[in-house]
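# Summary of structural features
If you want the building blocks of each chain, they are given just below.
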Amino acid sequence: MAVARSELGSPGRQALRMFLRNRAAVFGLVLLSGIVLMTLFGSFFYDQDPTRIMARPLQGPGEDGAPAFGTDYLGRDVLAGVVNGGSTSLTVALVAVFLVVVIGVTIGALAGYYGGWIDTLLMRFTEVFQVLPALLFAMVIVALFEPSTRTVAIAIGLASWPGTARLTRAEFLRLKNLEFVKAARAIGASDFRIIWRVIFPNALPPLIVSITLIMGAAILFESGLAFLGLSDPNAQSWGQMIGLNRQTFLNGWWTVTFPGLAIFSTVLSFSLIGDGLQDAFNPKLRGR
Amino acid sequence: MKQIAARIAWSVGLILAVIVMCFSLVHLAPGDAALVIAGDSGAGDPELIEEIREDLGLDDSYLIQLSRYVGDVASGDLGTSYRFNESVTSLIGDRIWPTILLVTTALLFAIVIGVLVGVFTARRPESPVSHGVTVFSLVGYSMPVFWTGYLLIITFASNVRWFPVAGMRDVRLEGNRLEEWLDIAHHLVLPALTLGLIYLAQYSRLSRASMLEVLQSDYVRTARAKGLAERKVVYKHALRNAVIPVITIAGLQFGALLSGALLVETVFNWPGLGRLAADSVFQRDAPVLLGVLICSAALVVVINILTDVVYRMIDPRIRVGGST
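Here the structure is a predicted model, which is why all the values come from computation and not from measurement.

## Some points on a positive patch on the surface
Residue and element names in this part refer to chain B. Together, K226, K232, K236 and R240 give the surface a local cluster of positive charge. With respect to the secondary-structure elements, K232 resides in helix 10 (residues 230-252). Accessibility expressed as a relative area gives 44% for K232, which makes it partly exposed.

In structure tokens:
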């Protein structure tokens, strides 16, 4: 056993190796890095102001004097919008996912570990959030409060945590009666220590996979809200670009196609990475 | 049966909790309903504002307002829209059917085609089509649904004019019942396809996975050993079990489906609940928003119970209360 272990490396190492051997997953990672780099540094290389009216409205790509991705209904540069629009989406998604993890993991861990009435109470509470259609719920929150980037992130977080809570709970239920947990309890570890130091690290693999996928879902979520007009009007984002060109897209396919392509690529990269992680942590399920 | 009765009882409590939470959310929000109703012209008139506050009982305490609202909802009254000055219940009553039509069409399309694709590819797991399903499921999941809608409109309603760009019926049409239905069906194709594609992508992958598992199980081996035709083994014995996860997930995802419908309705100008909510957002029409939220939650709860019933019917193991 010891020999086999040292040959293969730690489970984490093995998973990493599996992940890097998965071409689709590596493609996802490269794609995501590209998008993040474009969002961070793209405006240095393509320093057009996305809010400035720079040419005639609705000029197609390739038309005389038009920028590479054409101009929108006001005559703004679509490529500049694509380059700059990612920062809002990615920031919102990061904050929202952070909230999802904090709320979902805490509730799921407590419910799964303690069981009994605590479990019943917390899961009933979770169910209340789960029956509300997430986008509708978030939309109402943003509409009633204010359409700022912060409200949008909080709304997405509040609408998305139940899945994570359920997953965490299921993992805790599975793990809490295993021997290493009993051993920890036998040597007198506190509940707090058992939950966060003993069980939680072992529940991480499925959580990491799910968090990757939730990142993608949060990007879709943010773009949907922005598309409906529920985003900070001053923070340009891909979804917002599509929403603003809603009335005129039949005269300019490029105004919706390119921002949409940006959203699609970002979400796809997270899906590919999530899928690759799933295979890496769980080699038996490969290809399913 | 007993379990179903318990579920229904709990569901009533669940909806009550939803009502309390959503009402409190609206109550917490900044802004004054009276100002919204009075509108730009009336906002400067303190007497009018006072009158509206009196009318709606806005000066009562939170608990009194809440219990009044819960009582109203229980008797089927969801309040009056600020914007339309019309009963929210009747507004929702008009708009809920287009949404249900859209959502069920999309869901049926996704489940039926998805399961067929899943079964077909599970029998040939290494075929290119089978790998195509994996790719398609990732792509389908990652496309923003409103973008898919626009791409389909650009392709099938603008480049080739097979389908209408938006709406649910052609206002110029004057025909009999059948022609009206056909017209609606014609308008329904693109929105339902837009919404259905995401789920088709997921369900074909899911049913392939469960089919692969089922095909390796002992009872399928037994069925084969008895000398049953492969067709019969697959479609009669294996399919039933492969469908269960799809039904379960479809039931669980119903809320997400409604969220998707909200976006699709906006893209196609489909006169459903989502469109009503999206239109009410900018007017801060709280009674309508609250009503749509509560009705959608109720719809989700009902679908969850139905899903429960359906898979009890498909899977006798759950029915007799055995381990699942």
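## Overview of the packing of aromatic side chains
This structure, assessed with the given rule, holds 16 aromatic pairs over all chains. Seen from their ring centres, F125(A) and F129(A) are 5.2 Å apart, and the 65° between their planes marks the pair as edge-to-face. Residue F125(A) and its partner F129(A) are both found in helix 5 (residues 116-130); the two are separated by four residues, about one turn of the helix. For F125(A), a relative accessible area of 41% translates into the label partly exposed. Pairwise contacts between aromatic rings join F125(A), F129(A), F137(A) and W161(A) into one cluster. Against the face of W10(B) rests R124(A), its NZ or CZ located 4.0 Å from the ring centre.

## Looking at the side chain of D308(B)
Its place among the elements puts D308(B) in helix 13 (residues 286-314). With sequence-adjacent residues up to four places away left out, D308(B) is seen in contact with I4(B) and R7(B).

## Looking at the interface of chain B and chain A
With 51 residues of chain B at the contact, the number on the chain A side is 44 residues. The contact between chain B and chain A buries some 4,400 Å² in all, and 79% of this surface belongs to carbon and sulfur atoms. Contact with chain A buries area across many residues of chain B, yet F146(B), W147(B) and Y150(B) alone supply 14% of it, more than any other trio. Salt-bridge contacts for R205(B) lead to D275(A); the nearest nitrogen and oxygen are separated by 2.8 Å. At the boundary of chain B and chain A, one finds nine residue pairs in polar contact (both at pLDDT 80 or more). At the level of elements, helix 1 (2-28), helix 6 (128-142), helix 7 (145-159), helix 8 (177-215), helix 11 (254-268), helix 12 (273-281) and helix 13 of chain B are the ones that each hand at least two residues to the side of chain B that touches chain A. The dominant element in the side of chain B that touches chain A, judged by the number of residues it contributes, is helix 1 of chain B, at nine residues. Tallied by class, the residues present in the side of chain B that touches chain A amount to 39 nonpolar, eight polar and four charged.

## Some details on the confidence of the model for chain A
Confidence in the prediction of chain A, expressed as mean pLDDT, is 86, and 95% of residues score 70 or more. In the model, residues 1-6 of chain A has pLDDT below 50 throughout and makes one contact with residues more than four positions away in sequence or in other chains.

## Notes on a negative patch on the surface
Taken together, the side chains of D45(B), E47(B), E50(B), E51(B), E54(B) and D55(B) present a region of like negative charge at the surface. Tracing the backbone through its elements, the reader meets D45(B) in the loop between helix 2 (33-42) and helix 3 (46-56).

## Let's talk about the pattern of salt bridges
Residues and elements named next belong to chain A. As enumerated under the stated definition, the model contains eight salt bridges over all chains in all. The partner of E127 in a salt bridge is R124, and the shortest N-O contact between them spans 3.6 Å. Of the two residues, E127 and R124 both sit in helix 5, three residues apart, roughly one turn of that helix. For R124, a relative accessible area of 35% gives the class partly exposed.

The rules behind these values
Residues numbered from 1 in each chain as written. Chains lettered and ligands numbered in written order. Predicted model: local features only at pLDDT ≥ 70, side-chain atom pairs only at ≥ 80, totals over all residues. Heavy atoms only, no water. Patch = residues over 30% accessible without salt bridge, like charges linked within 9 Å, V, L, I, M, F, W, Y side chains within 5 Å. Areas by Shrake-Rupley, 256 points an atom, 1.4 Å probe, with all protein chains shown as cover. Salt bridge = Lys/Arg side-chain N within 4 Å of Asp/Glu carboxyl O. Lys, Arg positive; Asp, Glu negative; His and termini not counted. Charge placed at Lys NZ, Arg CZ, Asp CG, Glu CD. Helix = DSSP H or I, 4+ residues; strand = E, 2+ residues; numbered from the N terminus. Buried < 20%, exposed > 50% of the residue type's maximum accessible area, 1.4 Å probe, protein only. Phe/Tyr/Trp six-rings, centres within 6.5 Å; stacked < 30°, edge-to-face > 60°. Lys NZ or Arg CZ within 6 Å of the ring centre and 35° of its normal. Contact = heavy atoms within 4.5 Å. Buried area = accessible area lost by both parts, 1.4 Å probe. Polar contact = N/O pair within 3.5 Å; in protein donor to acceptor, adjacent residues only side chain to side chain. Nonpolar A, V, L, I, M, F, W, Y, C, P; charged D, E, K, R; others polar. pLDDT = per-residue confidence, 0-100.

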